[in-house]
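# Commentary on secondary and tertiary structure
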Amino acid sequence: MTTDIRLETELRYVKGVGPAFALRLEKLGLKTVRDLLWHFPSRYEDFSKIANIVDLVPGEAATIQGVIQEIKILRSFRKKMFIIQATVVDATGSVRATWFNQKFLVAMLKKGMVINLAGKVSLGKAGIGFSHPSYEIVGFSEDDEQFMEDAAEYREEIEACKHTGRLVPIYPETKGVTSKGLRFLIKPLLDGLEYIPETLPEEMLKRADVTELNDALRLIHYPEIMKDVLRARRRFAFEDIFYLQLVNILERSRLAKENAYACVAEGSRFAELLAQLPFELTDAQQEVMREVSGDLARPHPMNRLLQGDVGSGKTIVAVLAAIIAADAGRQASFMAPTEILATQHYHTFKKIFGNFEKGVVLLTASGAKVFFGEGLESEMKKADAVKKLATGEIKIAIGTHALIQKGVVFSDLALVVIDEQHRFGVKQRQALAGHTKALSLSKGKRDGGLLPHFLSMSATPIPRTLSLTLFGDLDVSIIGELPKGRKDIITKIVPPASRTDAYAFIRGQVKKGRQVFVICPRIEKTEEDETKGSPPTGGWFAVDTKTVKEEYDKLSKKIFPDMRVAMLHGKLKSEEKAEVMKKMKKGEIDVLVATSVIEVGVDIPNATIMMIEGADRFGLAQLYQFKGRVGRGEHQSFCLLFTDSSAQPTKDRLEALVHAKNGFELAEKDLALRGPGEFMGQSQTGLPDLAMRSLQDLKLVKSAREAAESVLEKDPDLAEHPQLKDVVARFHDRVHLE
Ligand code: ADP
Ligand code: MG
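Residues numbered from 1 in each chain as written. Chains lettered and ligands numbered in written order. Predicted model: local features only at pLDDT ≥ 70, side-chain atom pairs only at ≥ 80, totals over all residues. Heavy atoms only, no water.

So, on to the overall build of the protein. Counting its regular elements, the protein contains 26 helices and 24 strands. In the protein, 72% of the contacts between residues at least 6 apart in sequence involve partners at least 24 apart. In the form shown here, the protein has an accessible surface area of approximately 34,400 Å², with 53% of it arising from carbon and sulfur atoms. (Helix = DSSP H or I, 4+ residues; strand = E, 2+ residues; numbered from the N terminus. Contact = heavy atoms within 4.5 Å. Areas by Shrake-Rupley, 256 points an atom, 1.4 Å probe, with all protein chains shown as cover.)

If you want it as structure tokens, here you go:
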């Protein structure tokens, strides 16, 4: 390998990479030498434990080493496929290895060679064997004269892949690019490359106990033992998290320099508001109120995430904040992910602050409704409501996405609240941020580019490591307690055999005047369900997937014909949905069969049973949200989880829901069960895999944070770190959530 290979060199100029192969590599996103070296193995096969052939057990993974006694190529009876068959023997027995359509193997693997085979052991007609095993050429059997002659030809290959007795990297692959191919490519590159300049300061490496770049690259591709892999991974994860932290801290200081309306709440006014509440704020709510009102009073934008368990009372915090903004003569917008929820917030507002005269509008896809104090509520044309927001005549807007549609403009927007922020995608959050910026820009000409204060709320608790990283540019407030008098919700996994008992139990609750939710995974059956049958994953498409329509029929006609059963799902018109929710609130419905439309936020204190069909089909966070729909009033509540699945992962998840004391504990558990990637949704973060997986490592996260802080302390604009500045700019675009 020549020394003129650099990290920036395009792979098609690398020895051994033809134009066709270069194209295939591009499919993996690999264009340059750097891309290739940073294409990390996803796992490693352990070739270090070599088994005797006689000890192989069908169904188990194993590695053997033996001599190729015979290798031949066959054609399948339809002549469409080549089958390569090798018989490999060691001192204890023989196995057959089979590969399909890999004709080149007969040119490469010759009788007499010593090879390693690794894979799952199968049992076929011809006895024990390997189907499509990984293989490594180890050498030649000494007594094979003929092949000793050819050895020179293969020597290079043998040298290049001395993987015997250690870990072999397995890479993310694509058609025509195998791990083996990548190994052949990477090894000489790594050997031939000159020293790659370290990207992190040496002192930082020492302090954080992080491996140097060149060492880490070698260790990750060619580890001797698993510990090497962990060290290498730690380095790369540290680096990415460090960049992320730089982005976060820079974002914070950027925001701190922006201007916002200072909205100060007078003490007496505050007392007046609190006196109107039908309850006393919990200590946690008071504490959060202090934080939020403190932020609002400052002339720089708040950027705060409010986390609190389902039912902990976040809404009232947002409502009070909105009133503080309105009292200061400014405007607030309060956005929720569903119309049901937005409507509920509007009603909460009206119920508690019936004398509020500064104008509240409920703005959704289906229309607008405004409220100007006692008895002064009316439907309004959307266009008119929008106009009144633009002139500032209406101070508070509550609504759905309708609030961020084109044409909705505020005159003095001082506060933006997003409820259930995790329900909004990155795109929507960006739209909101963009919108917010556009607002401030359009106003900017008049009053100096003010940004609104920003409060996002979530009942899906974000584990601490994640809030330190992915949300590291936000201040976090936590409502860590529920209002007094709430009883624990009794949660049970109900096996199919106990269904009748469960129905009897529900009947008893309804007789006592309580209400019930029944959640189904789907609205109705689709054709797919009928034709697909059940896949190995436990059957999302299984024919028995419970649907709202069928369960509604069954419950209303057969099981509870004497009760008031209704259904609610996304295909109903907005007015129909609103009507059902109204009836449910008034207690005119006993059993409500619904989809996940009621997942977030819905507040019906008289509902005491949450029955979930196909509980295995929902994520833990979602189940927890369902559960949070009950236990909101004075009565003992129950959450019944129905599942036909007996798979262990399902059991683990449902058990976690049964036992978790609160949402945070559950979130930690969920994070542990699924890993941060799935927990957050990979697309939500844009973080590289390795970093994503390491977000659980609090120590690593903290040391990356400290490293970032210490760099910025000495060099706040990264003026002396141009290279870091570049990386951060790229990173910012990729990962920034808001
Ligand atoms: P979440 O945090 O899940 O959004 P909500 O704001 O919907 O919770 O509040 C849940 C219920 O608790 C509502 O009925 C609300 O009126 C009630 N609530 C809120 N704060 C208190 C409190 N301090 N004491 C008693 N009830 C409260
Ligand atoms: Mg809520």
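Pairing is parallel across the open sheet formed by six strands, whose spatial order is S19-S24-S23-S20-S22-S21. Two strands in the sheet have a free side with no partner beyond their single neighbour: strand S19 (490-494) and strand S21 (565-568). When strand polarity is set aside, the average angle formed by the axes of neighbouring strands in this sheet is 20°. Note that S21 and strand S22 (residues 591-594) share four bridges and pair parallel. Bridge pairing in S22 places Leu568 opposite Ala594. (Pairing = 2+ DSSP bridges. Axes fitted to C-alpha atoms, helices over the stretch in contact; angles between N-to-C directions.)

With that settled, the discussion passes to the nonpolar core. Formed by 46 residues in total, the largest nonpolar core has its most connected members in Phe349, Phe353, Ile396 and Leu415. Examining the composition of this core, we find that eleven residues originate from one element, helix H11 (residues 314-327), more than from any other. Residues within four places of Phe353 in sequence aside, it is in contact with Leu273, Gln276, Leu277, Ile316, Val319, Leu320, Ile323 and Phe371. One finds Val210, Ala691, Ala708 and Val711 within the second-largest nonpolar core, a separate group that totals 37 residues. (Core = buried A, V, L, I, M, F, W, Y, C linked by side-chain atoms within 4.5 Å. Buried < 20%, exposed > 50% of the residue type's maximum accessible area, 1.4 Å probe, protein only.)

A few words now on unusual backbone geometry. Phi is positive for Asp209, which is not a glycine, with a value near 55°. Looking at where Asp209 falls in the secondary structure, it is placed in the loop between helix H6 (202-208) and helix H7 (213-221).

Helix length check: helix H16 (residues 499-511) (13 residues) gives 19 Å between terminal C-alpha atoms against 18 Å at 1.5 Å per residue, within 8%. Residues of H16 that are buried include every one of Arg499, Ala502, Tyr503, Ile506, Gln509 and Val510, and no others. Take H16 and look down its axis: the buried residues cluster within an arc of 120°, on one side only. Every exposed residue of H16 that faces more than 90 degrees away from the buried side is listed here: Thr500, Asp501, Ala504 and Lys511. Elements in contact with the buried residues of H16: S19, strand S20 (515-519), helix H18 (548-559), S22, strand S23 (607-612) and strand S24 (638-642). (Expected span 1.5 Å × (residues − 1). Arc of directions from axis to C-beta.)

Among the secondary structure elements, Lys314 is positioned in helix H11. Here Lys314 occupies a buried position and makes no salt bridge, while the nearest side chain of opposite charge, Glu420, is found at 5.2 Å. Other than its neighbours up to four places away in sequence, Lys314 contacts Leu306, Gln307, Gly308, Asp309, Met457, Ser458, Ala459 and Ile479. (Lys, Arg positive; Asp, Glu negative; His and termini not counted. Salt bridge = Lys/Arg side-chain N within 4 Å of Asp/Glu carboxyl O.)

Attention shifts here to the environment of Asp590. With respect to the secondary-structure elements, Asp590 resides in the loop between helix H19 (574-586) and S22. Residue classification places Asp590 among the buried residues on the basis of a relative accessible area of 9%. In the structure, Asp590 is positioned 83 residues away from Arg507 in sequence and 9.6 Å away in space, judged by C-alpha atoms. Among all residues touching Asp590, those that are not within four sequence positions of it are Val510, Arg514, Gln515, Val516, Met563 and Arg564.

Our next topic: the sheet that holds strand S13 (residues 367-371). Backbone hydrogen bonds are what pair the strands of a sheet, in a parallel or an antiparallel way. The nine strands lie next to each other as S14-S13-S12-S15-S11-S16-S17-S10-S18, forming an open sheet whose pairing is mixed. The open sheet has two edge strands, strand S14 (377-380) and strand S18 (475-479), and neither has a second partner. For this sheet, the mean inter-axis angle between neighbouring strands, taken without regard to orientation, is 20°. Across four bridges, strand S16 (residues 413-418) lies against strand S17 (residues 453-458) in parallel orientation. Within S17, the residue paired with Ile418 across the bridge is Ser456. Seen against the sheet, helix H10 (residues 283-296) touches strand S10 (303-308), S16, S17 and S18 and runs at an angle of roughly 155° to S18.

The next thing to look at is the confidence of the model for the protein. Taken residue by residue, the protein gives an average pLDDT of 82. The fraction at 70 or more is 86%. In this model residues 529-543 is a low-confidence stretch, pLDDT under 50, and it forms 21 contacts with partners more than four residues away in sequence or in other chains. (pLDDT = per-residue confidence, 0-100.)

Glancing now at the site of ligand 1. Near ligand 1 there are 16 residues, and of these Glu280, Gly311, Thr315, Arg486 and Asp603 occur at the shortest range. The separation between an oxygen atom of ligand 1 and a polar main-chain atom of Gly313 is 3.0 Å. Lys314 places a side-chain nitrogen or oxygen 2.8 Å from an oxygen atom of ligand 1. With the chains in place, 84% of the 570 Å² that ligand 1 exposes on its own is no longer accessible. Residue classes in the shell around ligand 1 are distributed as four nonpolar, six polar and six charged. (Near = heavy atom within 4 Å. Polar contact = N/O pair within 3.5 Å; in protein donor to acceptor, adjacent residues only side chain to side chain. Nonpolar A, V, L, I, M, F, W, Y, C, P; charged D, E, K, R; others polar.)

Turning to the pattern of salt bridges, a few remarks are in order. A full pass over the atoms with the stated rule returns 31 salt bridges. Between Glu10 and Arg12 there is a salt bridge, with its nearest N and O atoms 2.8 Å apart. For Arg12, a relative accessible area of 46% gives the class partly exposed. One salt bridge in this structure joins Asp475 and Arg252, with 3.0 Å as the shortest N-O distance.

Right, let's talk about the environment of Arg234 for a bit. By the secondary structure assignment, Arg234 is in helix H8 (residues 226-257). Relative accessible area serves as the criterion here: at 24%, Arg234 is assigned to the partly exposed category.

So, about the packing of H7 against H8. Packing of H7 against H8 brings their axes to within 8 Å, and their N-to-C directions diverge by 130°. It follows that H7 is oblique to H8 by the angle criterion. In terms of crossing hand, the pair formed by H7 and H8 is left-handed. Listed contacts from H8 to Leu213, Ala216, Leu217, Leu219 and Ile220 of H7 are Asp228, Ala232, Arg233, Arg235 and Phe236. Split into classes, the residues belonging to the contact of H7 with H8 amount to seven nonpolar, no polar and three charged. (Parallel < 35°, antiparallel > 145°, perpendicular 65-115°, else oblique. Left-handed = near helix turned anticlockwise from the far one by under 90°.)

Running from amino to carboxyl end, helix H9 (residues 267-276) crosses H11 at an angle of 140°, the nearest separation of the two axes being 12 Å. By the angle between their axes, H9 is oblique relative to H11. In this structure, the crossing between H9 and H11 has a hand that is right-handed. Across the interface between the two elements, Arg269, Phe270, Leu273 and Leu274 from H9 touch Leu320, Ile323, Ile324 and Asp327 from H11. Within the contact of H9 with H11, the residues separate by chemical class into six nonpolar, no polar and two charged.

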